[in-house]
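Residue-level listing of the chains:
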Amino acid sequence: MLSLKIWDSRVVRWMAMLVATALFGLVVTVPLDLYQQLGFAATGFIVALVLSKTGSRLGTLAMMVLSVAASLRYMYWRVTETLGFETALDTFFGTGLLLAELYALIVLLLGYFQTAWPLERKPVPMPSDMTQWPTVDVFIPTYNEPLEVVKQTVFTALALDWPVDKVKVFVLDDGRRDEFREFCEDVGVGYVTRDNNRHAKAGNINAALQVTDGEFVAIFDCDHVPTRSFLQVTMGWFMRDARLAMLQTPHYFFSPDPFEKNLETFRAIPNEGELFYGLIQDGNDLWNATFFCGSCAVIRRGPLLEVGGIAVETVTEDAHTALKLNRLNYNTAYLAIPQAAGLATESLSGHIGQRIRWARGMAQICRVDNPLLGRGLKLGQRLCYLNAMLHFFYGLPRLIFLTAPLSFLLFGAHIFQASAMMITAFALPHILHASITNSRIQGRFRHSFWNEVYETVLAWYILRPVVVAFINPKLGKFNVTAKGGVIDESYFDWTIARPYIILLLLNMVGFGAGAVILLNGGSLEPITVIINLFWTFYNMVIASASIAVASENKQIRLAPRVAAQLPSTVRFANGRTIACETQDFSQTGLGLTLPANMEVPMGEKVQVSIFRNREEGVFPAVVVFNRNNRLGVHFENLNVKQQVELAQLTFARADTWANAWGNGVRDTPLTALKTVVRIGFKGFGLFFKHLYSMATAPRHTRRASAPKLDTGDK
């Protein structure tokens, strides 16, 4: 039917759209009594469940339409029939909840728009004539990171598969450190510094643009190691599209972030960033609204200079730069293939500090260069940028959702002027449709209910910076995200956990009050009390799970190990050679799996070979661990050539990252709920365990060893 010629007429298309909009409006607004609404909701949900079993993109779009209908119908009912507040208390709490719900609805609708049709761009081959390949400058900005962290990025950058006369590597050292200068001279890469730190990373890159001349600039955070194929995989699109100004690839992390480390979910549950790089950026690409993310990207120098270099007006200089490029009608693109990997933040305080900067920066963009205003952007681009900004305004709505039932259980406020059954009949379809639809869309990259844990952990901390930046965009500074550190001892971060503890205790009090009300009877409708008790219990689970994240597990490795099975051999001093494979690798050593019954003395010096196709790298090492056919070796005195070769055979392998990308267990909402509840109970137990430990510990030992949270406020 879609192939009929009648659809070639613009008038017919507009007419069809108007009729469809009118019918959809009727579905959203038609009044129904309780039983009619229950029947309508049940029918819609059964259809959605059937659609969820199909594998087509059309099925996904149909589920989105059903979800939008259920959500708009709920909100229409909320606004038209549930706001007859009788007291000031009801009005205060009820209005607050309604505004939070409106925010969540807008974000839900924008999210559907953004992710409805991920572009799934594929690499474009480079011309066979290598003389046509452009010149590229590789920038590695650094400020205070350890040299050992930066070294690995430099070694892998030196291994990029690109004509050697067309690529130059530069370390941009804003720390002005002699050891970095000497290292750069030793390995033969450029060293660029300046006599000030104005505009932090953006200023650092802009200063380097003045003293370099490559046609393109590839930028890597100093802890992001590129694969050998990075340029060959990404540059083809620039050859095809002369208006393409920036191409972004995913930020892939080979070390666990604080959530994964402290909750022990690494590689089992997608981390916080995977949804953005796995789905949202691919969705943005359809609308030509890919965001620059500061690293693992290539930018065409001409357009970058045309917009004045990396943006310096906000602390999210990357996203703002992409916005400026889009305003000048340049294209941006996203290639969802990991072509670099890096270190995640080690501590929760560091993680929160990084998110505070992102939240502040997006609020600044909202004020100084609002994508809804100004020239140059198409509607799709405006909406994608709008959603990115609105996302970071979730602090207050999240806190309202976490405390809303307390207004009824503790103060008797009626924030819904409707019966419990009517609330159930309208709210439940809205929640269930959104849940199964998002699970369908996001299942590879985000498990259900985890966004509530992530947002709860951050809500309190981003609330103030976002409000302040929105009022006065000039306040606040760029706070550097620390990487490459260690956590010597496990500890509980009481300072960070304070908001979650208060939320947990408030909900416990509310739950207790609700239980008393339910047991004693009275004038309150029991079903209403039960609904609020369920809501409060859920909030306790989320708050407890957030508390669990604040229980920091120690991390003693300076060089994180990456699990990978690579073909290798071990050659002993007597000439015997054993074929085996790696279990994991790092900059400093290997874990190997040996054949059964192999006896290898500790401290023995060996030569370890790692293979990649027909390549072989041989590295001197010493045995530091041997148990149950598992051998641990530590590299000894590798020279620069060997370190570059080691990087080529380990961190620079694209297959290691690509094989793990988006291939985890797919989401099922009930399983995800069980996991979150289990972690919530764990957090509940950890809270009281640490409380007991603190109460019984000598007073002089109670000081927390947690790093201070850097909010960028000073």
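Model, not experiment: these values are computed from the prediction. (Residues numbered from 1 in each chain as written. Predicted model: local features only at pLDDT ≥ 70, side-chain atom pairs only at ≥ 80, totals over all residues. Heavy atoms only, no water.)

### A look at the overall build of the protein chain
In terms of helices and strands, the protein chain carries 23 helices and 19 strands. A compact globule built from 714 residues would reach a C-alpha radius of gyration of about 27 Å, and the protein chain, at 28 Å, matches this within 12%. If you line up the protein chain on its principal axes, its C-alpha atoms span 85 × 75 × 50 Å. In the protein chain, which comprises 714 residues, the share counted as buried stands at 54%. A total of about 32,100 Å² of accessible surface is found on the protein chain, and carbon and sulfur atoms cover 62% of it. Computed over 65 positive and 58 negative side-chain charges, the inter-centroid distance for the protein chain is 3 Å. (Helix = DSSP H or I, 4+ residues; strand = E, 2+ residues; numbered from the N terminus. Rg over C-alpha atoms; globule rule 2.2 N^0.38 Å. Buried < 20%, exposed > 50% of the residue type's maximum accessible area, 1.4 Å probe, protein only. Areas by Shrake-Rupley, 256 points an atom, 1.4 Å probe, with all protein chains shown as cover. Lys, Arg positive; Asp, Glu negative; His and termini not counted. Charge placed at Lys NZ, Arg CZ, Asp CG, Glu CD.)

### Some points on the sheet that holds strand β5 (residues 225-226)
One open sheet accounts for 3 strands, arranged β5-β10-β7; its pairing is mixed. In this open sheet, the two edge strands, each paired with only one partner strand, are β5 and β7 (252-253). Relative to strand β10 (residues 340-342), β7 runs parallel, the two sharing 2 bridges. Bridge assignment links Tyr-252 to a residue of β10, and that residue is Ala-341. (Pairing = 2+ DSSP bridges.)

### Concerning the nonpolar core
The biggest cluster of nonpolar side chains holds 78 residues, and the ones touching the most others in it are Phe-139, Phe-292, Leu-348, Ile-352, Trp-450 and Tyr-500. Each of domain 1 (83-116 + 347-418 + 434-556 + 670-697) and domain 2 (130-344) contributes no fewer than three residues to this core. Counting residues in each nonpolar core, the second largest holds 48 residues, with Tyr-277, Ala-341, Phe-619 and Leu-638 among its members. (Core = buried A, V, L, I, M, F, W, Y, C linked by side-chain atoms within 4.5 Å. Domains from an automatic or database assignment.)

### Considerations on the packing of aromatic side chains
What the rule picks out here adds up to 29 aromatic pairs. When the ring of Phe-276 is compared with that of Phe-291, the centres are 6.3 Å apart and the planes differ by 25 degrees; the resulting orientation is stacked. Placement of Phe-276 in helix α11 (residues 274-286) and of Phe-291 in the loop between α11 and β8 (297-300) is noted, with a sequence separation of 15 residues between them. Taking the relative accessible area as the measure of exposure, Phe-276 reaches 23% and is therefore partly exposed. (Phe/Tyr/Trp six-rings, centres within 6.5 Å; stacked < 30°, edge-to-face > 60°.)

### Here's the deal with a negative patch on the surface
On the surface, Asp-178, Glu-179, Glu-182, Glu-185 and Asp-186 cluster together into a negatively charged patch. Turning to its location among the elements, Glu-185 is positioned in helix α6 (residues 178-187). On the basis of relative accessible area, Glu-185 is assigned to the exposed category, the value being 57%. (Patch = residues over 30% accessible without salt bridge, like charges linked within 9 Å, V, L, I, M, F, W, Y side chains within 5 Å. Salt bridge = Lys/Arg side-chain N within 4 Å of Asp/Glu carboxyl O.)

### With respect to the sheet that holds β8
Spatially, 7 strands are ordered β3-β2-β1-β4-β8-β6-β9 in an open sheet, and the strand pairing comes out mixed. This sheet does not close on itself; its edge strands, each paired only once, are β3 (190-192) and β9 (331-334). Here the strands of the sheet are splayed against their neighbours by 25 degrees on average, with no regard to which way each runs. Across 4 bridges, the pairing between strand β1 (residues 136-142) and strand β4 (residues 216-219) is parallel. From the neighbouring strand, Asp-137 faces β4, where its bridge partner is Val-217. Packing against the sheet, helix α5 (residues 147-158) makes contact with β1 and β2 (167-173), and its axis sits at approximately 175 degrees to β1. (Axes fitted to C-alpha atoms, helices over the stretch in contact; angles between N-to-C directions. Contact = heavy atoms within 4.5 Å.)

### Digging into the side chain of Gln-152
With respect to the helices, strands and loops of the structure, Gln-152 is situated in helix α5. The buried category is assigned to Gln-152, whose relative accessible area is 7%. Excluding its chain neighbours within four sequence positions, the residues that come into contact with Gln-152 are Val-225, Gln-587, Ala-647 and Phe-651.

### Some details on the domain arrangement of the protein chain
In terms of domains, the protein chain is made up of domain 1 (83-116 + 347-418 + 434-556 + 670-697), domain 2 (130-344) and domain 3 (562-651). Once you take the C-alpha centre of each, domain 1 and domain 3 turn out to be 46 Å apart.

### Here we look at the environment of Pro-31
Locating Pro-31 in the fold gives a position in the loop between α1 (10-29) and α2 (34-52). By relative accessible area, which is 67% here, Pro-31 ends up exposed. It is 9.8 Å that separates the C-alpha atoms of Pro-31 and Arg-73, two residues lying 42 residues apart in sequence.

### What to know about the pattern of salt bridges
Overall, the coordinates contain 20 salt bridges when judged by the stated rule. Between Arg-398 and Glu-455 there is a salt bridge, with the nearest N and O atoms lying 2.9 Å from each other. One end of the pair, Arg-398, is in helix α16 (residues 395-409); the other, Glu-455, is in helix α18 (residues 450-471), with 57 residues separating them in the sequence. Of the two residues, Arg-398 and Glu-455, neither departs from the other in class, the shared state being buried. When salt bridges that share partners are traced, they join Asp-161, Arg-228, Arg-612 and Glu-615 into one network.

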